[in-house]
Every structure is written in structure tokens, then in C-alpha cells.
Amino acid sequence: MYVLDYHQQVKRINQMIPLRKNDKTFEVYYHDPQSGELWKSFFPYGKKKSNSPKLLRPEPLPSNLEHQLELCLNSGNLADAEGLGIEYSLSPEKWEYLLNLLNDNRKNYTRAGFFTFLNKLGVKEPDKTIEALHIDFNNASVSREKLMTLRKKAKKLWFKKLIGL
């Protein structure tokens, strides 16, 4: 589903037909003539950040968040869990809902996918995520205190999955 490796992205993109490009957001949509799928190439953090990852994935993702987690955390390819985690690292307002879903369904996800997603989500190190996203807490939908509460919840969830509860 997600393609994170640069060389694999280039190989995949060369097999597809570009449809539209947004020069402001650096999003490019492609059509895969072999499968008929629509693909999206983008920089979730924008191209301004030097270490910003580039993601390539089919478009659209399933609209149901629970289905997205099921697909990406159990795919067997850690790039899927990593890509989804990177995408949702940009939405701290969804972290509480995501952590609740992860907690409710943690036995349904592979351990490796679960841990990879949680690491890339950024909830375990909210200070770094806040810095990367340039969040202004005066205008943010999530307070610093709430992020620290979510950090504790994520660490408990990590531990529960680790010991198999």
C-alpha cells in the first residue's frame, strides 16, 4: 500500500501516468494503467522541512479509520504502518480516538505493525512532534496537557501490547 523507499517510489512512478500536480502542496496524482488505481505522491510535512518523508500510496484511503488501521497494521509490510503513522502524526486532534481504537483492537494487530505505527505517530514524544508541526497552542485544537495525557496512554498501550494483555 504505502511506498516509502525512494528507489521503489521512482520505479513505481515511472510505470504510472501523471494526472495532476499541485505545486503549492507538492501533491501529485498518478494513474496506474495496470491496476486502474489512482495513486498519490506527497510530502506530509511539506517540502520545507529538510528530513520530510515523501509518501506514495493508493488514493483514497478507506474512509473508516478502523479499517485503515486493520489494513496497514496487519499487511505484513511495515511501510504501511509507518506511512499511516506519519500521515496521522499531522493530526494530534485524532490521537485520542486512534489510541482508543488501538486499545480496543490491540489483539487484532500484528505486534510489529502496532509498534511501528505508534512510533511514527509521534504521540510517545509529543514535544518533538509539536516542534516539527510548529503548533501554536493558543490556536491549537489540542492542549499541551492533553498531549501529555495521551503520551501516558500511549506508553501504557505499548506496554499492554508488549506483554500480550
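Cut-offs and rules
Residues numbered from 1 in each chain as written. Predicted model: local features only at pLDDT ≥ 70, side-chain atom pairs only at ≥ 80, totals over all residues. Heavy atoms only, no water. Buried < 20%, exposed > 50% of the residue type's maximum accessible area, 1.4 Å probe, protein only. Helix = DSSP H or I, 4+ residues; strand = E, 2+ residues; numbered from the N terminus. Pairing = 2+ DSSP bridges. Salt bridge = Lys/Arg side-chain N within 4 Å of Asp/Glu carboxyl O. Arc of directions from axis to C-beta. Polar contact = N/O pair within 3.5 Å; in protein donor to acceptor, adjacent residues only side chain to side chain. Axes fitted to C-alpha atoms, helices over the stretch in contact; angles between N-to-C directions. Parallel < 35°, antiparallel > 145°, perpendicular 65-115°, else oblique. Left-handed = near helix turned anticlockwise from the far one by under 90°. Contact = heavy atoms within 4.5 Å. Nonpolar A, V, L, I, M, F, W, Y, C, P; charged D, E, K, R; others polar.

A.B. asks: I tried to follow the pairing of strand β1 (residues 17–22) on my own but got confused; where do I start?
C.D. replies: Residues in a regular strand project their side chains so that they alternate between the two faces of the sheet. Here β1 lies mainly on the outside; zero of its six residues are buried. Sheet analysis places β1 next to strand β2 (residues 27–31), joined by five bridges and oriented antiparallel. Note on β2: the bridge partner recorded for K21 is V28. In sequence, β1 turns back onto β2 through a hairpin of four residues, with F26 there showing a positive phi of about 65°.

A.B. asks: I keep staring at the pattern of salt bridges and nothing clicks. Help me out?
C.D. replies: Any two side chains of opposite charge can pair, given that their charged atoms come close. Applying the stated criterion across every chain yields a total of six salt bridges. Residue K40 is joined to E27 by a salt bridge in which the shortest nitrogen-to-oxygen separation is 3.4 Å. Remark: E27 occurs in strand β2 and K40 occurs in strand β3 (residues 38–42); sequence separation between them is 13 residues. Close ionic contact of K146 with E96 constitutes a salt bridge, the shortest N to O distance being 3.0 Å. One end of the pair, K146, is in helix α7 (residues 144–163); the other, E96, is in helix α4 (residues 95–105), with 50 residues separating them in the sequence. Beyond isolated ion pairs, a larger network of salt bridges with shared partners links R57, E59 and E87.

A.B. asks: How should helix α2 (residues 65–73) be read in this particular structure?
C.D. replies: Along an α-helix, residues three or four positions apart point the same way, because every turn accommodates 3.6 residues. Three or more residues of α2 are buried, namely L65, Q68, L69, C72 and L73. For α2, the angular spread of buried residues about the axis comes to 105°, placing them on one side. Where α2 begins, the capping side chain belongs to N64, and its oxygen is found 2.8 Å from the backbone nitrogen of E66.

A.B. asks: Before we go on, may I ask you to explain the packing of α4 against α7 in this structure?
C.D. replies: A pair of packed helices can be characterised by two numbers: the angle between their axes and the separation between those axes. Direction vectors running N to C along α4 and α7 enclose 15°, while the axes themselves pass 10 Å from each other. Taken together, the axes of α4 and α7 lie roughly parallel to each other. Crossing of α4 over α7 shows left-handed handedness. Across the interface between the two elements, W95, E96, L99, N100, L102 and N103 from α4 touch K146, L147, L150, K153, A154, L157 and K160 from α7. Split by residue class, the contact of α4 with α7 holds seven nonpolar, two polar and four charged.

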